[in-house]
Number of protein chains: 2
Amino acid sequence: MPNVTLTFYPLNRKVTVSKGSTVLEAASKAQITINNLCGGDGICGRCKMIVLKGEVSGEISGKLTREEIRNGYILACMTHVENDLIIEIPEETLAKEKAKADEDAARFKDFRAELPYEEFKVLPLVQKIFLDLKTPTLSNNIADQQRVSGEIKRRLNLPSMQMGLKIMKSLSQILRENDFKVTATVGVRKDIAEVMNIEPGNTEKDNYMVVVDIGTTTIVAHIIDVSSLKTLDATACFNSQGIYGRDVISRIITSEKKGGELLQKLIIEDINKLILNLSENNSINLKDITAVVCAGNTTMNHFLLGLPTGNIRRNPYIPVTVEPPPLRAAEVGIQINPRGLLYSLPGISGWVGSDITAGILATGIYRRDDVCLLIDIGTNGEIVLGNKEWLVAASASAGPALEGASIDCGMRAEPGAIEEVYQNGLEIEYKTIDNRKPLGICGSGIIDLLAVLFRTGIINRTGKFIKEDDKRIIMMNDKKTFILVDEVKTGLKKPIYITESDIEGIITAKAAIYAAMKILMARMNLEASDLAHFFIAGAFGSFIDIENAITIGLIPDVSREKIEFVGNASLSGAKISAFYKEAFQKITDIRKMTTYYDLMAANDYVEEFQRAMFLPHTNLEDFPNVCSKPPCAQARRRKIG
Amino acid sequence: MPNVTLTFYPLNRKVTVSKGSTVLEAASKAQITINNLCGGDGICGRCKMIVLKGEVSGEISGKLTREEIRNGYILACMTHVENDLIIEIPEETLAKEKAKADEDAARFKDFRAELPYEEFKVLPLVQKIFLDLKTPTLSNNIADQQRVSGEIKRRLNLPSMQMGLKIMKSLSQILRENDFKVTATVGVRKDIAEVMNIEPGNTEKDNYMVVVDIGTTTIVAHIIDVSSLKTLDATACFNSQGIYGRDVISRIITSEKKGGELLQKLIIEDINKLILNLSENNSINLKDITAVVCAGNTTMNHFLLGLPTGNIRRNPYIPVTVEPPPLRAAEVGIQINPRGLLYSLPGISGWVGSDITAGILATGIYRRDDVCLLIDIGTNGEIVLGNKEWLVAASASAGPALEGASIDCGMRAEPGAIEEVYQNGLEIEYKTIDNRKPLGICGSGIIDLLAVLFRTGIINRTGKFIKEDDKRIIMMNDKKTFILVDEVKTGLKKPIYITESDIEGIITAKAAIYAAMKILMARMNLEASDLAHFFIAGAFGSFIDIENAITIGLIPDVSREKIEFVGNASLSGAKISAFYKEAFQKITDIRKMTTYYDLMAANDYVEEFQRAMFLPHTNLEDFPNVCSKPPCAQARRRKIG
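About the cut-offs
- Residues numbered from 1 in each chain as written.
- Chains lettered and ligands numbered in written order.
- Predicted model: local features only at pLDDT ≥ 70, side-chain atom pairs only at ≥ 80, totals over all residues.
- Heavy atoms only, no water.
- Helix = DSSP H or I, 4+ residues; strand = E, 2+ residues; numbered from the N terminus.
- Rg over C-alpha atoms; globule rule 2.2 N^0.38 Å.
- Buried < 20%, exposed > 50% of the residue type's maximum accessible area, 1.4 Å probe, protein only.
- Contact = heavy atoms within 4.5 Å.
- Domains from an automatic or database assignment.
- Buried area = accessible area lost by both parts, 1.4 Å probe.
- Salt bridge = Lys/Arg side-chain N within 4 Å of Asp/Glu carboxyl O.
- Pairing = 2+ DSSP bridges.
- Polar contact = N/O pair within 3.5 Å; in protein donor to acceptor, adjacent residues only side chain to side chain.
- Axes fitted to C-alpha atoms, helices over the stretch in contact; angles between N-to-C directions.
- Least-squares fit on C-alpha atoms with pLDDT ≥ 70 in both.
- Core = buried A, V, L, I, M, F, W, Y, C linked by side-chain atoms within 4.5 Å.

**What to know about the overall build of chain A**
For step 1, the next point in the chain: Looking only at helices and strands, chain A has 17 helices and 29 strands in total.
For step 2, the next point in the chain: For 641 residues, the compact-globule estimate of 2.2 N^0.38 gives 26 Å, and the C-alpha radius of gyration of chain A, at 27 Å, lies within 12% of that figure.
For step 3, the next point in the chain: Residue burial in chain A is summarised as follows: out of 641 residues, 62% are buried.
For step 4, the next point in the chain: Nonlocal contacts in chain A, meaning residues at least 24 apart in sequence, comprise 67% of its contacts between residues at least 6 apart.

Pasting the structure below:
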């Protein structure tokens, strides 16, 4: 394929790609992150760009207005490059990557205090141990390897020890050049400790690990100091795979079409970028980073390791592995110490990954007497129910509505996103992230809006607009639409609104999650009131308004003091595993003790789902604290706790 | 360096080497094995060749007569190639490699009956296990790796299981393409079982291993069938490192000068050649050879793995390792299944290797109540003393005399070598291997000759010729010499003889070994009469005449029924380890329970050595059954048992 060159304004960034690539692929290659939500399927209409010069081909999207098409607008994901192009990217199309990454990083940096550290003995997955060995003599004539291994075994109280050929080859020389005073880097792989490295002198202090939560949307990385057991710094970036779909299914399909290596490469590049960033900002030599510990959903973990993902999306949804062995990080291309290790935490099934097992560890459900529920709400809602005796898990396919995608005015939680909606007298008011000019609505705002519309009687229990005379309700593209932000009043280019079909999407999403919880509880003969703790994990969970989430029936009407936001429990769990070998082992135990329940096998799931397609639910007795006859004057609190 | 071409007659073999190489190196590259005993030091004078055409440079050796030099004779090891050469190799210079290899192979093929098989449970180091797995369903939705590992763990009753990334990448596809009926190749690495391979269908029957004894002189390999627990075939070759020295010290020095890779390459090539030979002769696919199990002295094992050997020859004689981890065979270049394993058995010290630990296993000393002694006589005599409670080991540097090297007319045990010498009335007669025309004397013949000379009163207890009037004793090159084979009577080109300095060399060698046994026994407050078993291992041991060996004081004067020739106990032990994982582990236990005693640290070693410099010994009371006042008429038996 011949190459063509694209220039992107206003960034003034040039990139060369082969003819026929999409403009979105070119933008990605130019390291421009754009507001693409559907992942290149031409559905979300977020990747609008303007062709200033040059020729393109491809389908015309219904997401573009006639006027936009006249003005050279394209959807980058559906447009193929034919020759050299000059492209302008409108402000609303450009993602505010840095802001989001900083926010994510900051948000999850200071979680340490809440962790059950006292439970385990400190034993990092990779340790550095200074060895001050005796020089051999005729009467103390142990071989070099056995001298080194013996001392390490004694110090760590370990039965077995491995050493690779490469290290053995240089061992004699390094011992003798340094008067038998060396530092061994010792990593734990399953039950066996491995001498990964031997360095001159005492370098015990120079031992760092990077802990990574590989989200489908965002990748968060923390760097931790093994000698002080402290988190030094945190950073985050969007998962570059986003260009091939916002959800895991799209990415699996892409990997089947284009090969899994492509998807693996993107994740590895992201992780390497984050590691480099952390090492540079903290003046840490890459060679002193001895391990990377990763949690994430099973598909992301498969991409990380370059494993095929096709069977995860096909009935009966079987992954290659839920407990990958520790590998040399270099084997997948992660750039730390060349002999450094990559630990992928064990998960439960193709649809309940190690982000959830790490969450079970971090929340301590596995050691509690009372029954707890843990939910991580995203495109899929992963749910865990149980206590120290038993654990069951399921995954509900909620779709992207709750994250602001597939909603006309939906957007990611970035500056300018409406993150809160509330009633102020007769007015419905809002607050944007960073108090910027409103650009769209993110997940927490959508839940608020739906609750407010319901509570004020603007929509009924099926999500239909019933206040026919409300002047905020208009017909737009043949759809009943509620205008939240009027473009005329606010000077925006276009209004911010919600349509009846948007609302249906949101109700579908919340019904899928609620029904899943219901089924899991029913299988264990439990009611919501039996739950001792209701943990909400994940970035999304941290920002939603509990009362509103209960009002729309997304989460059950449990006592509010039982509800706890646990933030990025995936990263927390991964970090505990990094510092405490027993905790790492505990995640394997958790994996084994958790029964994965596939909702596709539940005959009553569809029924439960349909019962949840109302606000808050068909069974009002399940929601005694929700005012079921709107409009109502019930007080509502902002956030809990 | 420019290249030059050599042609070797009568083989008519051509080879190209860089200018300045020795003729010996060129012959080796042309795969011609010659009768080189000193390993290229110009000492043995065995590598005589004739330059028919071309120019050479290098020192003139005192080993060549004036006439030989006039006729173009050179020592190949000391002669450098200057331009293209045509070389003739005299018959006596060419080694009878094939004959020797066949002999060694045949000799050790049928040892199976004598092994303590009943002691261990059959559990080969590498197994193939046919898995007839259930196809996943929504309710049986275990991940592929866990499905495979779980079944293997159940079948083998193992707690832990590893699987490499490469296998995981293809696992899903191979399972589904074969209806979940596959064969797993499972290897044991320390306490962890590793899935090395997954193949379609049932291939349990196609599982072979090669067991190798890496001797300094000879490499012996057997191929074993894991499913029937049988030895299928055996083969052997000279260790190609011989060109760089016949003993380990010369090879270590070479590796320090020229790099260890050179020595490693030669061993690996030899082993690959043997494996290829075994696989072709038995129609076995190389990919079905799943492991190579090696025993050998510590230096050979280091060369095999490419580990530096320099410290083994320097006080305090420390090897890199005495217990190398199992490796992938491909990591050192051994060509079997690409994921096949290489097990190097654990040894005891730099000078007591895994050939000895394997011998301890094969002879069962480690589980016997009575005290036993095991000796392997070669350039070094390795000695083990002990029982199930304790084991001590030492190594005596005997030098090459007992193997026929450094003796003017010495040669390897090849067709034409005098292997027996005996008294027939007044005559001293001999027998050659294969009853060929005599070419020289090999080890067993040398011991016989010394015993006969002593018994007939031709030499005294210090090894000096005392029958001044015996016409078979002449002066040759200023040395008193006994003519065993007269060239005039037999039509040989030159006589076969032994000199007083040859005899001194032999006495020195036997004294070194005897003193070592004495010291070890003294340390444990034992006398030779306390020994319950006296095991003699190795090719050399199998052919010596016990009475004569006791007569010259090489081995102690113990009851003859206690003496047992155990053949290639190294290979036997390695084979047991291959079939019985517990036996492999037992060798580690043996290694750990054996105390290595360095004779250099024994203040009384020199004294003991000097006391042994007599025939049979200074203390005649140690040899009550040896007639100490020759000539004597004591009956002597050929061979024992």
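**Describing the domain arrangement of chain A**
Residue and element names in this part refer to chain A.
For step 1, the next point in the chain: Domain parsing of chain A yields domain 1 (3-90), domain 2 (126-200), domain 3 (208-344), domain 4 (363-399 + 507-627) and domain 5 (401-505).
For step 2, the next point in the chain: Computed over C-alpha atoms, the centres of domain 2 and domain 3 are 30 Å apart.
For step 3, the next point in the chain: Listed as interface residues are 14 residues of domain 2 and, on the opposing side, 15 residues of domain 3.
For step 4, the next point in the chain: Summed over both sides, the interface between domain 2 and domain 3 buries roughly 1,100 Å², with carbon and sulfur atoms accounting for 50% of that surface.

**A word on the pattern of salt bridges**
All names here are of chain B.
For step 1, the next point in the chain: Applying the stated criterion across every chain, the model contains 52 salt bridges over all chains.
For step 2, the next point in the chain: One salt bridge in this structure joins Glu 199 and Lys 128, with 3.1 Å as the shortest N-O distance. In this pair, Glu 199 is assigned in strand β11 (residues 192-200) and Lys 128 in strand β8 (residues 126-132), connecting sequence segments 71 residues apart. Lys 128 shares its class with Glu 199; the two are buried.
For step 3, the next point in the chain: The partner of Glu 194 in a salt bridge is Arg 328, and the shortest N-O contact between them spans 2.6 Å.

**Quick word on the sheet that holds strand β23 (residues 440-441) of chain B**
Residues and elements named next belong to chain B.
For step 1, the next point in the chain: Spatial strand order, β22-β21-β23: three strands in an open sheet with mixed pairing. Pairing within the sheet leaves two strands with one partner each, and these edge strands are β22 (427-432) and β23.
For step 2, the next point in the chain: Bridge count for strand β21 (residues 417-424) against β23 is two bridges, and the pairing is parallel. Residue Ile 418 lies in a different strand from β23, and its bridge partner there is Ile 441.

**Observations regarding the interface of chain B and chain A**
For step 1, the next point in the chain: With 44 residues of chain B at the interface, the matching set in chain A holds 44 residues.
For step 2, the next point in the chain: Across the chain B/chain A interface, buried area totals approximately 3,700 Å², and carbon plus sulfur atoms make up 61% of it.
For step 3, the next point in the chain: If you sort the residues of chain B by the area they bury against chain A, Leu 138, Leu 165 and Ile 318 of chain B come out on top, with a joint share of 17%.
For step 4, the next point in the chain: Remark: the boundary between chain B and chain A carries zero salt bridges.
For step 5, the next point in the chain: Where chain B packs against chain A, one counts 12 residue pairs in polar contact (both at pLDDT 80 or more).
For step 6, the next point in the chain: Counting only elements with at least two residues in the side of chain B that touches chain A, the list comes to α4 (144-156), β9 (161-163) and α5 (165-177) of chain B.
For step 7, the next point in the chain: A total of five residues in the side of chain B that touches chain A trace back to one element, the largest contributor, which is α5 of chain B.

**A few points about the environment of Ser 160 of chain A**
For step 1, the next point in the chain: Considering the arrangement of structural elements, one finds Ser 160 of chain A in the loop between α4 (144-156) and β9 (161-163).
For step 2, the next point in the chain: Considering only alpha carbons, one finds Ser 160 of chain A and Gly 150 of chain A, 10 residues apart in sequence, at a separation of 9.4 Å.
For step 3, the next point in the chain: Sequence-distant contacts of Ser 160 of chain A, defined by excluding residues within four places in its chain, comprise Lys 153, Ile 192 and Ala 193 of chain A together with Lys 190 and Asp 191 of chain B.

**Describing the sheet that holds strand β12 (residues 208-214) of chain B**
In any sheet, the strands associate via hydrogen bonds between backbone groups, in a parallel or an antiparallel arrangement.
All names here are of chain B.
For step 1, the next point in the chain: Read from one edge to the other, the open sheet built from six strands follows the order β14-β13-β12-β15-β17-β16, with strand pairing classed as mixed. Where the open sheet ends on each side, the last strands, each with one partner, are β14 (230-238) and β16 (327-328).
For step 2, the next point in the chain: Alignment of β12 against strand β15 (residues 289-296), held across seven bridges, turns out to be parallel. The residue of β15 that forms the bridge with Val 212 is Cys 294.
For step 3, the next point in the chain: Helix α7 (residues 260-281) rests against β12, β13 (218-225), β14 and β15 of the sheet, and its axis sits at about 140 degrees to β14.
For step 4, the next point in the chain: In the packing of helix α9 (residues 354-363) onto the sheet, contacts are made with β12 and β15, and the angle to β15 comes to roughly 100 degrees.

**Some points on the environment of Gly 347 of chain A**
Residues and elements named next belong to chain A.
For step 1, the next point in the chain: Turning to its location among the elements, Gly 347 is positioned in the loop between β17 (341-344) and α9 (354-363).
For step 2, the next point in the chain: Taking the C-alpha atoms as reference points, Gly 347 and Lys 128, separated by 219 residues in sequence, lie 28 Å from one another.
For step 3, the next point in the chain: Ignoring anything within four residues of it in the chain, the contact list for Gly 347 reads Val 322, Val 352, Gly 353, Ser 354, Thr 357 and Arg 591.

**Some words on the side chain of Glu 194 of chain B**
Residue and element names in this part refer to chain B.
For step 1, the next point in the chain: Tracing the chain through its elements places Glu 194 in strand β11.
For step 2, the next point in the chain: At 2.6 Å, the side chain of Glu 194 and the side chain of Arg 328 are in polar contact.
For step 3, the next point in the chain: Once you skip the residues sitting within four places of it in the chain, Glu 194 turns out to touch Gln 162, Thr 185, Val 186, Gly 187, Arg 189, Arg 328, Arg 339 and Leu 341.

**Focus on the relation of the copies chain B and chain A**
For step 1, the next point in the chain: For the pair chain B and chain A, the superposition axis carries a translation of 0.1 Å, the fit reaches an RMSD of 0.2 Å, and the rotation angle comes to 180 degrees. Put plainly, the chains are arranged around a two-fold axis.
For step 2, the next point in the chain: Most of the interface of chain B is mirrored in chain A, where 100% of its interface residues again form contacts.

**Some remarks on the nonpolar core**
For step 1, the next point in the chain: Leu 6, Phe 8 and Ile 334 of chain B are the most contacted members of the largest nonpolar core, which totals 136 residues.
For step 2, the next point in the chain: Tallying contributions element by element places α7 of chain B first for this core, with eight residues.
For step 3, the next point in the chain: Excluding anything up to four places from it in sequence, Phe 8 of chain B contacts Arg 13, Val 15, Val 23, Ala 26, Ala 27, Ala 30, Ile 32, Met 49, Ile 87 and Ile 89 of chain B.
For step 4, the next point in the chain: The next biggest cluster of nonpolar side chains, apart from the first, holds 105 residues, and it includes Val 352 and Ile 356 of chain A together with Leu 131 and Phe 180 of chain B.

**Some remarks on the pairing of strand β3 (residues 48-53) of chain A**
All names here are of chain A.
For step 1, the next point in the chain: The pairing of β3 with strand β5 (residues 73-75) spans three bridges and is classified as antiparallel. When the bridges of β5 are listed, Met 49 appears paired with Ile 74.
For step 2, the next point in the chain: As judged from the three bridges shared by β3 and strand β7 (residues 85-88), these two strands associate in the antiparallel manner. Paired with Val 51 across the two strands is Ile 87, which belongs to β7.

**A look at the side chain of Thr 309 of chain A**
Residue and element names in this part refer to chain A.
For step 1, the next point in the chain: Structurally, the position occupied by Thr 309 is in the loop between α8 (298-305) and β16 (327-328).
For step 2, the next point in the chain: With relative accessibility at 2%, the residue Thr 309 sits in the buried group.
For step 3, the next point in the chain: At a separation of 3.2 Å, a polar atom in the side chain of Thr 309 contacts the side chain of Ser 255.
For step 4, the next point in the chain: Apart from the residues within four sequence positions on either side, Thr 309 is in contact with Ile 252, Ser 255, Thr 299, His 302 and Phe 303.

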